[in-house]
Structures are given as C-alpha cells and as structure tokens.
Amino acid sequence: MTSALIDLFRWLRRNERWEKFAAIAILLSAAFLLFYNLGLNPRPWQDEGSAAGIAKSLVQYGVYAIKSSDGFQTFGGVQSAGPTVVLPIALAYRLLGIGLVQGRLVMALYALITLVLFYFCGQTLFNRRVAIIAVILLLGSQSVGFFIFGRPMLGEVPALGFFLAGWLVWNQAVRHNRSWLVLLAGLLFGLAMVTKSYYVIMVSGTIGFLAVSDWVFYRQHRFKYLVLLGASALACYVLWLGWQWMYFGANVFALNLEKLRQMASASSGFNRQWFGDAIKLLIGPGANYFYFFLGFISLLYMIPLGLRRTREAFLLVFVWLFTVLWLAYFIFWILPIPRYLLPAAALSPPRTA
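Position numbers for residues start from 1 in each chain and track the written sequence from start to end. Predicted model: local features are reported for residues with pLDDT of at least 70 only, side-chain atom pairs are reported and counted for 80 or more only, and whole-chain, interface and lining totals are derived from all residues. With hydrogens and water excluded, all non-hydrogen atoms of the structure serve as input to the side-chain values.

Turning our attention to the side chain of R222. Secondary structure elements follow DSSP: runs of H or I of four or more residues count as helices, runs of E of two or more count as strands, with numbering from the N terminus. In this structure, R222 sits in the loop between α11 (198–218) and α12 (223–248). Polar contacts, as used here, are pairs of N or O atoms within 3.5 Å; protein pairs need one atom able to donate a hydrogen and one able to accept it. Residues neighboring in sequence count only if both atoms are side-chain atoms. Only 3.1 Å separates the side chain of R222 from the backbone oxygen of V174, close enough to count as a polar contact. The contact definition used throughout considers only heavy atoms, calling two residues in contact when any of these lie within 4.5 Å. Ignoring anything within four residues of it in the chain, the contact list for R222 reads V174, N177, D214 and F314.

Peptide bonds are, in most cases, trans, and in most cases residues other than glycine have a negative phi. With an omega dihedral of -5°, the bond running from N41 to P42 counts as a cis peptide bond. Of note, N37 is a non-glycine position whose phi angle comes to about 60°, a positive value. Locating N37 in the fold gives a position in the loop between α2 (17–35) and α3 (46–61). A positive phi angle, near 55°, is found at H221, a position not held by glycine. Mapping H221 onto the fold places it in the loop between α11 and α12.

A pair of cysteine sulfur atoms is labelled a disulfide when the two atoms are within 2.5 Å. In total, this model carries 0 disulfides according to the counting rule given. This cysteine, C121, is not joined by any disulfide, and C236 carries the nearest cysteine sulfur, 19 Å off. For the exposure calls, accessible area comes from a 1.4 Å probe over protein chains only, and a residue counts as buried if that area is under 20% of its type's maximum, exposed if over 50%, partly exposed in between. Using a relative accessible area of 5% as the deciding quantity, one classes C121 as buried.

This is the structure in structure tokens:
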C-alpha cells in the first residue's frame, strides 16, 4: 500500500495533466458557489444598497445619484463604489430588470474573473501547483471572506481584480519592454483606484517605494516605466474626479469633498483602541488565526526571495510591497473591519502556498 502511494505521488509530480484538471475543477466549483443562491446569501446590507440605488436611479431617471425623498443624493454611494461597479449593474438592470439577484449576478461574474486572474498571478509568480493551492487557501480563508464580499454589490473584489490584471500586464511590460503595456497596466491600476479610492494611496505608495528600490538596489532601470505607470493610473482617477466636478457642479463637488474629508477623519488616523483591535483581528479567531500561523511567516519568507537583484525579484517585490503597505494601513491608520483587510489577506495565499 505504501509503495503504491509513493508511485502515485511520483506519477503526479511527473505528470502535469492532473494540475490542469485540478485547476479547472476548482474554478468550476468556485463558479457554481459564486452564482448559487445569490438572493439569500449573504443578506443585503446598507453599503450594498448604495451601489444598487445609483444603478436604479440611472436606469429609471438617467441620473447618476441615489434617489431619496429629498431628491437626488450625490454623496455616499457615489464615492464608495465607482462607475466600474455601478454601470455594469445598471446594464444588468436594463437588460434583466431591477432586483437584488440581477445586481449580484454582475458581482459574481466580477468575482469569478478576479479568481481566474488570481490563479494566473500565482502561476506567474511561482508555478501552476502553487497557484492551485493559493486558490484553495483564498476560497477557504476566513480572513479573506471571498464568498462573503465577492457576491454583494460592493467594490472590494472588483478593485482587487483590476489590481491583479494591472500587475499581470505590468509583468509583461517589464519582460518585453513595451511602453503601451505600461500604459495599459496604469489604466487597470487606475480603474482599481476609481473602484475603491484607498487604492490611490496603496498603489501610488507601492510604485513610489519600488522606484526608490530600483534606483538604490535592483538597478533594473525601470524608473521611467514606473513614472509612466503611476502617472497613467493617477490620470485615470483624476478623470473620474473631473467628471464628478463637471456632472454635479463645482459647488456640490466641493461640498462632497468636504463631507468625504470629515468622514475620513472620523474613520482614519492612529487610534490605540483601533490598533489593538487590528492586531486581534489579524492574529485572532476573527481571521481564523491566518496571520498568526501563516500570514506573517509568508511575508518574512518573501524577503530573501525579493532581495535578489533579478527581474523576477523586482516583479515579485511589487506584490510584497503592496501587501505590507496595506497591512500597515490596516493596523495603524484605518478603522479595522474585516472588509478592509481583504486585499492584503487575498494576496497572502500565493506566498503561503
């Protein structure tokens, strides 16, 4: 019996067909779970209603705002979920009718595409086997909550999908020295920023640290590419702000910015209680002890891999820097709720696998 198991293990190592079959089977199973029982699980909540409300107003009245008893509300949902979420939901409402399931169909499709992109990122960073294990860890991780946050009408998972797509294109741009691919990667990163605005800080910070690292250590001579990458990403976000200024008017836009500043000051900044709550969430049962046992270890494991002066290490450290910055943001600055941990927790499985 033991010899038979050993022979089977050796065959699996030599034969790659099982890996392709396993990858397809896992992705198909995930697709079924993403689209199953959309109307009941998870239960709708207020943040989800914001994006749905804008899409409904857009279909019924042709106005990009939330219809309320006082008129059209231009603050809240407009800033929390970008047009990358609202417009596809509005299209689904137009074609299929207005309803919870119709909107969640769009999000389930977004989640499935994000999952496929995640698999290809794991395969690009390491290999197919690691990518398969990483997908399993992603789907089963309580700290990520992929099925919880991927099915409702929220921007977290779509933004992650745009980020992963941007990194894959950035990877090809660096390997093949193509400026147009850098611009495309910047556009995708910009769409992540438009979808969830905290990507503005995280992506910009990652690109900035990577530019300094390249100049000081890696010597890959990608500084111009990194400037082009950051400029194109920020330009995409600035266009979104410019559209709001033109559409709502300068006065309403300025008032919305002030409300956003007040809201941000109430939910961000160093707070001792938040710091303790963030640590508990990272290493405690709230995240299924993921970072306590594997997450932080995986980050440390990546350091020697990223300290090699190679193109592969240069590409790898992009994801590492993004994750570390996001964790620092989560621990020291933002109100620690599980949804804000999703990007950093999602990007940990490839390293753990």
